[in-house]
Amino acid sequence: MTNPYIAIIPARGGSKRLPGKNIRVLGDLPLLAHSIRYAQASSRIQRVIVTTDDPAIAAVALDYGAEVIQRPHELSGDEAPTVSALQHVLAQLTEWPEAVVVLQPTNPLRPVGLLDEALDYFEQHNVSGLFTVSPNPHKLGRIEAQRFVPFNYHFGQRSQDMEPLFYENGLLYVCKPSLITQGAVMDETCYPLVVTHPYAAVDIDTEADFAYATFCLNYYQTLHKSNHP
């Protein structure tokens, strides 16, 4: 592969449900810094770029060694899609990478080897991108006319006999710049990389999500220390 990878972390300000969440301290690091450090730990990532409209987020990003690209106001609202911020970053670059790794700061905890596994697959297969998914074991259904209508099972069916379903967990995305310029981070050609680690369930939007992330971080740090005295 002739051109390196870059990581882009979209981190706008103005969160309504959990104000200041992207720079709130989780463990010993601001939330944003977990994703910055994760990208920096890979020798295959040449640049780590944070796109933000918030000066406080920009300051944290610079403190932890990331580059910052100021996101325009019109790309920073609640309705602005993430891909518009990624397109803006690419427009500022003089040379495009082979692929972009997108890391959401609200998914701060990721398995150690996941990024290398994702990049290995991307390099070895002809896909326009890759994203992470996790199994969804729940019995799902709709409520119609005050009745529950099963979607992925029938009443009385055992969980182990259900058709496997998966959800997009948001841990990481890998995509070619050409896909981003077309207005997407993933399409039907992208590979779904299955992640079963409990970190996949951590996605911070509320105070309860933050408390759960803190629990997971402390639990696995303690477990790691006990296994490596």
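From a predicted model like this one, the values you see are computed outputs, not experimental measurements.

J.: So what's going on with the sheet that holds strand β10 (residues 166-175)? Residues and values would help.
T.: Spatially, β5-β4-β1-β6-β10-β7-β11 is the arrangement adopted by the seven strands of the open sheet, whose pairing is mixed. Two strands bound the open sheet, and with one partner strand each, they are β5 (67-70) and β11 (191-194). Across this sheet, the average inter-strand angle for adjacent strands is 35 degrees, counted without regard to direction. Bridge count for strand β1 (residues 5-10) against strand β4 (residues 45-52) is six bridges, and the pairing is parallel. Looking at the pairing, Ala-7 lines up with Val-48 of β4. Where helix α3 (residues 82-92) meets the sheet, it contacts β1, β4, β5 and β6 (99-102), and its direction lies at approximately 110 degrees from that of β5.

J.: Give a description of a nonpolar patch on the surface that names residues and reports values.
T.: On the surface, a cluster of nonpolar side chains totalling about 390 Å² of accessible area is made up of Tyr-212, Phe-215, Tyr-219 and Leu-223. Structurally, Tyr-219 is set in helix α6 (residues 207-227).

J.: So what's going on with the nonpolar core? Which residues, and what values?
T.: Grouped together as the largest cluster of nonpolar side chains are 31 residues, with contacts concentrated most on Leu-32, Ile-36, Val-50, Val-101, Leu-172 and Val-174. Where this core is concerned, the elements lending two or more residues are β1, α1 (31-40), β4, α2 (55-63), β6, α4 (114-124) and β10. In terms of residue count, α4 provides more of this core than any other element does, five residues in total. Setting aside its immediate chain neighbours within four residues, Leu-32 contacts Ile-9, Ala-11, Asn-22, Val-50, Ile-57, Val-60, Ala-61 and Pro-105. Grouped together as the second largest cluster of nonpolar side chains are 20 residues, Val-89, Leu-93, Val-185 and Cys-190 included.

J.: Explain the side chain of Ser-134 to me, and be specific about the residues and the numbers.
T.: In this fold, Ser-134 is placed in strand β7 (residues 129-135). Residue Ser-134 is classed as buried on the basis of its relative accessible area of 2%. Only 2.8 Å separates the side chain of Ser-134 from the side chain of Asn-169, close enough to count as a polar contact. Side-chain polar atoms of Ser-134 contact the backbone oxygen of Val-195, separated by 2.6 Å. Beyond its immediate stretch of four places on either side in the chain, Ser-134 contacts Leu-165, Phe-166, Tyr-167, Asn-169, Val-195 and Ala-200.

J.: Tell me about the pattern of salt bridges, residues and numbers included.
T.: Oppositely charged side chains can pair when the atoms bearing their charge come close. Using the criterion set out here, one finds nine salt bridges in the structure. Arg-142 is the salt-bridge partner of Glu-144, the closest N and O atoms lying 3.1 Å from each other. A single network of salt bridges, built from pairs that share partners, joins Arg-44, Asp-116, Asp-120 and Glu-123.

J.: Give me the side chain of Gln-157: which residues, what numbers.
T.: Relative to the elements of secondary structure, Gln-157 occurs in the loop between β9 (147-150) and β10. Among the polar contacts made by the side chain of Gln-157, one reaches the main-chain carbonyl oxygen of Asp-161 at a distance of 3.1 Å. Setting aside anything within four residues of it in sequence, one finds Gln-157 in contact with Lys-139, Asn-152 and Met-162.

Criteria and cut-off values
- Residues numbered from 1 in each chain as written.
- Predicted model: local features only at pLDDT ≥ 70, side-chain atom pairs only at ≥ 80, totals over all residues.
- Heavy atoms only, no water.
- Pairing = 2+ DSSP bridges.
- Helix = DSSP H or I, 4+ residues; strand = E, 2+ residues; numbered from the N terminus.
- Axes fitted to C-alpha atoms, helices over the stretch in contact; angles between N-to-C directions.
- Contact = heavy atoms within 4.5 Å.
- Patch = residues over 30% accessible without salt bridge, like charges linked within 9 Å, V, L, I, M, F, W, Y side chains within 5 Å.
- Areas by Shrake-Rupley, 256 points an atom, 1.4 Å probe, with all protein chains shown as cover.
- Salt bridge = Lys/Arg side-chain N within 4 Å of Asp/Glu carboxyl O.
- Core = buried A, V, L, I, M, F, W, Y, C linked by side-chain atoms within 4.5 Å.
- Buried < 20%, exposed > 50% of the residue type's maximum accessible area, 1.4 Å probe, protein only.
- Polar contact = N/O pair within 3.5 Å; in protein donor to acceptor, adjacent residues only side chain to side chain.

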